[in-house]
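Listed below, chain by chain, are the residues.
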Amino acid sequence: MTILNNPFSLLFITSISLFLFRVILIKTGFIFTFKRKWHCIKDCFHVYQFFKVPEFSESMQRNQLYYKVLLYLHSLGSLEDSDFTNLFAGRKPNEILLRLDTNQIIEDDFLGAKMYWINQDKNLVLKIRKSDKRRVLQPYLQHIHTVFDEFDGRKRELKLYMNVVDDQKGRWRSVPFTHPSTFETTAMESDLKIKVKSDLESFLRAKQYYHKLGRVWKRSYLLYGPSGTGKSSFVAAVANFLSYDVYDIDLTKVSDGSDLKFLLLQTTAKSVVVIEDLDRYLSEKSTAVSSSGILNFMDGILSSSCGEERVMVYTMNGKDHVDPAILRPGRIDVHIHFPLCDFTAFKTLANSYLGLKDHKLFPQVEEIFQNGSSLSPAEIGELMIANRGSPSRALKSVINALQTEGDGKGGRCGRKAVEESGEPSGVFCTEGANAVKEFKKLYGLFRVKSNRKSPSFNLDNDLKSGL
Ligand SMILES: Nc1ncnc2c1ncn2[C@@H]1O[C@H](COP(=O)(O)OP(=O)(O)OP(=O)(O)O)[C@@H](O)[C@H]1O
Ligand SMILES: [Mg+2]
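Residues numbered from 1 in each chain as written. Chains lettered and ligands numbered in written order. Predicted model: local features only at pLDDT ≥ 70, side-chain atom pairs only at ≥ 80, totals over all residues. Heavy atoms only, no water.

What follows covers the environment of lysine 122. Within the secondary structure layout, lysine 122 lies in the loop between strand E5 (113–120) and strand E6 (123–129). In the structure, lysine 122 is positioned 68 residues away from proline 54 in sequence and 6.0 Å away in space, judged by C-alpha atoms. (Helix = DSSP H or I, 4+ residues; strand = E, 2+ residues; numbered from the N terminus.)

Below, the structure is given as structure tokens:
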């Protein structure tokens, strides 16, 4: 009793009690439970409105807003404070990504209003107080667009989509696209690399031009050449260069022409749509899609929005037995030949695989290449990887392989070339030195014309005039 009569002791005991009470409140879930109950009570006195953002439209086209909102929500700090969320490994080592779970609710504050997002299966639902709606909804959606654009401009996480037969969860499954291939790592003639890059850049700037012409804003490439010459790696390099997603179409999993169009409909803008080994599918008839189905797909005639801002790439081992209708301008704008390895490509490979800029064995290798080559960059790359501990051994094994595998007579050419399919005769000799000459001539014309008009216009003018 004497302690309680002493004001100092009383003050001390009260402070200790308050401190302990605070610790209990913070350390236990009491305060959170209280807050939640309080929210529930407040909810009863407010009228809410719900706005659904579905992943697909009625015509099964992907809803861009859905992806913008999803990306926005993943950028919010409140995701970390959720009761439950998914964790995934990121692209960088030790990177952990937080991902929304089904039915997870995310809170967001905007201009003093509380916004709730509910992640339902294939829908994102915005819950907002009716009294706040008029004031904040429009600016809030605008804010989401701005955040998305900023993020998109900085760096998007690219995705590789593959088509599946089962359509329960849509026709595309995606994984992060992490292919390291770039134009720098691809062994091809440097002139050609520069021209392809500028062709792609000019395509990116040409939206208005395509629209003025009433054409779908897309550019189609044919990559053809023997196996292991870098066609698939080139597709990855294009995607990395443009920061575009990749949609890889497996034609064996497509039931018919309309199914193929449907797949295209479900791709998003800013993407590279690839069909690998098209010649094989066509000749073996290993796909249920008819040639006319392929032609319709290439034309992208379904609607202007389904083919917009796409780069279409078709790969083939050879185009000799392919219906010329498939190769005609408009369907395929640029043809790029991927030949077997030549000395220039060999030097690029030696530099990237072995770190060699020069070596005393190079003249010998060059001499063998002068007679032609029978090995692909993939084969030469493999020899270099296997012997990377000793550059001299690696070069000797390449020399050996070139001498034994090939007849040394240069049966096949060793240069890359690009063609615009608008060439009147439809033919550029892409073999050997001729190919280089023709290619330079072609791009020489590009340059001349681009000096006269804006670059984005010229490529198409060249095509239209049947360059
Ligand atoms: N031109 C090249 N420059 C650098 N690496 C290359 C080149 N060509 C092939 N390679 C290497 O060889 C491997 C196989 O190449 P890729 O898969 O791109 O060939 P491809 O032409 O698509 O073959 P296929 O016709 O069999 O599909 C890859 O690992 C790639 O790194
Ligand atoms: Mg390939």
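Taken together, the neighbourhood of ligand 1 is formed by 16 residues, with Ala187, Ser227, Lys231, Ser232 and Ser233 sitting nearest. Separating a nitrogen atom of ligand 1 from a backbone N or O atom of glycine 230 is a distance of 3.0 Å. Between an oxygen atom of ligand 1 and a side-chain N or O atom of serine 233, the distance comes to 2.6 Å. Computed on the free molecule, ligand 1 has an accessible area of 620 Å², of which 74% lies beneath the protein chains in the complex. In terms of residues, the shell around ligand 1 owes the most to one element, helix H8 (residues 231–242), which gives 3 residues. Across the shell around ligand 1, the residue classes break down as 6 nonpolar, 9 polar and 1 charged. Each of two domains, domain 2 (175–339 + 413–464) and domain 3 (343–405), supplies a minimum of three residues to the shell around ligand 1. (Near = heavy atom within 4 Å. Polar contact = N/O pair within 3.5 Å; in protein donor to acceptor, adjacent residues only side chain to side chain. Areas by Shrake-Rupley, 256 points an atom, 1.4 Å probe, with all protein chains shown as cover. Nonpolar A, V, L, I, M, F, W, Y, C, P; charged D, E, K, R; others polar. Domains from an automatic or database assignment.)

Glancing now at the pairing of E5. Burial of E5 is extensive: 6 of the 8 residues sit out of reach of the surface. Counting the residues between successive antiparallel strands, the hairpin from strand E4 (residues 105–110) to E5 contains 2 residues, one of them, leucine 111, with a positive phi of roughly 45°. Hairpin connection of E5 to E6: 2 residues between the antiparallel strands, including lysine 122 at a positive phi of 65°. (Buried < 20%, exposed > 50% of the residue type's maximum accessible area, 1.4 Å probe, protein only. Pairing = 2+ DSSP bridges.)

The next subject is the packing of helix H9 (residues 257–265) against helix H11 (residues 291–299). Remark: H9 packs on H11, axes separated minimally by 8 Å, with the N-to-C direction vectors making an angle of 20°. The angle between H9 and H11 places the two elements in the roughly parallel class. As for the relative orientation of H9 and H11, their crossing is right-handed in sense. Of H11, the residues touching H9 (which contributes Gly257, Leu260, Lys261 and Leu264) are Gly293, Ile294, Asn296 and Phe297. Classifying every residue of the contact of H9 with H11 gives 4 nonpolar, 3 polar and 1 charged. (Axes fitted to C-alpha atoms, helices over the stretch in contact; angles between N-to-C directions. Parallel < 35°, antiparallel > 145°, perpendicular 65-115°, else oblique. Left-handed = near helix turned anticlockwise from the far one by under 90°. Contact = heavy atoms within 4.5 Å.)

Once that is clear, we can look at the environment of serine 397. Inspection of the secondary structure assignment puts serine 397 in helix H16 (residues 391–405). Given a relative accessible area of 18%, serine 397 falls into the buried group. Considering only alpha carbons, one finds serine 397 and asparagine 387, 10 residues apart in sequence, at a separation of 8.2 Å. Filtering out sequence-adjacent residues up to four positions away, serine 397 remains in contact with Leu383 and Asn387.

For the rest of this paragraph, the subject is the sheet that holds E4. Here 4 strands make up an open sheet; going across it, the order is E1-E6-E5-E4 and the pairing antiparallel. Here the strands that pair on one side only, and so sit at the sheet edges, are strand E1 (48–54) and E4. Pairs of neighbouring strands in the sheet enclose a mean axial angle of 25°, with direction left out of account.

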